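Chain by chain, the residues run as shown.
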There are 2 protein chains.
Amino acid sequence: MLKVSVVRNILEINDRIAGQNRELFSANRVLVLNLMSSPGAGKTTLLERTVERLKDKYRIGVIEGDITSSYDAERIAQKGVQAVQINTDGACHLDSNMVREALGEFDLGALDLLVVENVGNLVCPAEFNVGEDMKIMILSVPEGDDKPLKYPLMFQESRVLIVNKIDLLPYVDFNLKRMREVTTGLNPTQVVFEVSCRTGEGLEAWLNWLEARIKERRAAP
Amino acid sequence: MLKVSVVRNILEINDRIAGQNRELFSANRVLVLNLMSSPGAGKTTLLERTVERLKDKYRIGVIEGDITSSYDAERIAQKGVQAVQINTDGACHLDSNMVREALGEFDLGALDLLVVENVGNLVCPAEFNVGEDMKIMILSVPEGDDKPLKYPLMFQESRVLIVNKIDLLPYVDFNLKRMREVTTGLNPTQVVFEVSCRTGEGLEAWLNWLEARIKERRAAP
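What you are looking at is a predicted structure, and each value in this text was computed from that prediction instead of being measured.

K.L.:
Tell me what's going on with unusual backbone geometry, and back it up with residues and numbers.
P.N.:
All names here are of chain A. Phi is positive for serine 69, which is not a glycine, with a value near 80°. Within the element layout of this structure, serine 69 appears in the loop between strand 2 (60-66) and helix 3 (71-77). What makes serine 69 buried here is its relative accessible area of 13%.

Following this line, the structure appears as structure tokens:
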């Protein structure tokens, strides 16, 4: 009982601060993505490809969440956009308060797109809103097509599913059709892109879709 | 402060029950492994290969930890050994109390080896002992060679590191030497096996090592 009420309390505080973050994002008309996946599914690489292609047209900022280290923020900063590293010191997900503290480093009025790259974890991040407009998840092909059955919350919560590393399809057992049947059941309106960040295949569709969302956000009253 | 003391309290309770589990395992001379990795790194497949090869010589039991579903326990049961499923109902790791409850399903005196397959998560399971003799982790090649830098606790806690999916090395950027330099720094006595559960490469060394540990356990006073 104690445990349950502590968890409920933590989630309530998180949602309250997430709401404040969301108001700030909305007032500044910045589109905010919460990017999540298992470790090594390709979050930072997708972000590198996305930044390379859109940074000359839109003003982009990135928040990098990692337990320790700042390698990912350095990778993104090399692409020429502002990247702020959050180290969670062991915690398995970002929460809205960590993101709020990182926001102090940005001039939100000067951004069109802010991407929050969460800690690599297919479980815990799905439970914590940080104030994002939408959650984007990556499933990489080598992880297997059974993942939606075993980690359903992440698939239910994510507006977009990016299936990455499709260049490895010939070398692993992964049935795209079977996976899509399950994800459609879990989340009928989810938008799905099949890509390879390594070869570039499929990235155009994702980038065009994202660009349309950035424009919508800026046009909102 | 409240949060810190709640966490400390949870870990203390967990360690106390883990100690009780450990006494039970020791009294029955059963070797207990806590098997951990990211989602889709190959825990269940390694377990299938291990069970196939050792089940005629040793008496094996398996505890499968998943957030939801019982697919993995069904896969293992098809190999002809007892498999008990724990569903964590959203929780991101197994704890010692969940394992204690599952132990009621086994005749420990009739087992040589018990493998606890944890929830797929490279973060949280490393913090919770369940009473195991040793933690075994899998890193799969497509996850990338930077994972030890970003998730160091798992690598520090694990007696054995199994590098899986080495058949994919030609198709991804993964530098085994660079990874080993980092893991040696984090955990100098860690035993490392490079395997492909798909092709069978490297499994002999792992199976021979494990067999030696089972024999040691049975010979202990």
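K.L.:
Any details on the environment of Ser196(B)? Residues and values, ideally.
P.N.:
Residue and element names in this part refer to chain B. Take serine 196: it is sitting in the loop between strand 7 (191-194) and helix 8 (203-219). Among the residues examined, serine 196 registers a relative accessible area of 0% and is labelled buried. Each C-alpha atom, one on serine 196 and one on leucine 168, is 8.7 Å from the other, the two residues being 28 residues apart in sequence. Setting aside residues no more than four positions away along its own chain, serine 196 makes contact with Asn164, Lys165, Ile166, Asp167, Glu201 and Leu203.

K.L.:
Can you break down helix 8 of chain B residue by residue, with the values?
P.N.:
Across its 17 residues, helix 8 of chain B extends 24 Å between first and last C-alpha, which sits within 8% of the 24 Å expected from 1.5 Å per residue. The set of residues buried in helix 8 of chain B consists of Leu203(B), Trp206(B), Leu207(B), Trp209(B), Leu210(B), Glu211(B), Arg213(B), Ile214(B) and Arg217(B).

K.L.:
Describe in detail the nonpolar core, supporting the description with residues and values.
P.N.:
Residues Leu161(A), Val163(A), Phe174(A), Leu161(B) and Val163(B) are the most contacted members of the largest nonpolar core, which totals 45 residues. Once residues within four sequence positions are removed from consideration, Val163(A) is found in contact with Leu139(A), Val141(A), Phe174(A), Leu176(A), Met179(A), Val192(A), Phe193(A), Glu194(A) and Val195(A).

K.L.:
An account of the packing of aromatic side chains is needed here, citing residue identities and associated values.
P.N.:
One pass over the full model with this rule turns up seven aromatic pairs over all chains. For the ring pair Phe193(B) and Trp209(B), a centre distance of 6.0 Å and an interplane angle of 65° mean the geometry is edge-to-face. On the criterion of sequence distance, the pair formed by Phe193(B) in strand 7 and Trp209(B) in helix 8 is long-range, its members being 16 residues apart. Exposure remark for Phe193(B): the relative accessible area of 8% places this residue in the buried category. The structure contains a cluster of three or more aromatic residues connected by ring pairs, namely Phe193(A), Trp206(A) and Trp209(A). The ring of Trp209(A) carries Arg213(A) above its face, with NZ or CZ at 4.7 Å from the centroid.

Reading guide: rules and limits
- Residues numbered from 1 in each chain as written.
- Chains lettered and ligands numbered in written order.
- Predicted model: local features only at pLDDT ≥ 70, side-chain atom pairs only at ≥ 80, totals over all residues.
- Heavy atoms only, no water.
- Helix = DSSP H or I, 4+ residues; strand = E, 2+ residues; numbered from the N terminus.
- Buried < 20%, exposed > 50% of the residue type's maximum accessible area, 1.4 Å probe, protein only.
- Contact = heavy atoms within 4.5 Å.
- Expected span 1.5 Å × (residues − 1).
- Core = buried A, V, L, I, M, F, W, Y, C linked by side-chain atoms within 4.5 Å.
- Phe/Tyr/Trp six-rings, centres within 6.5 Å; stacked < 30°, edge-to-face > 60°.
- Lys NZ or Arg CZ within 6 Å of the ring centre and 35° of its normal.

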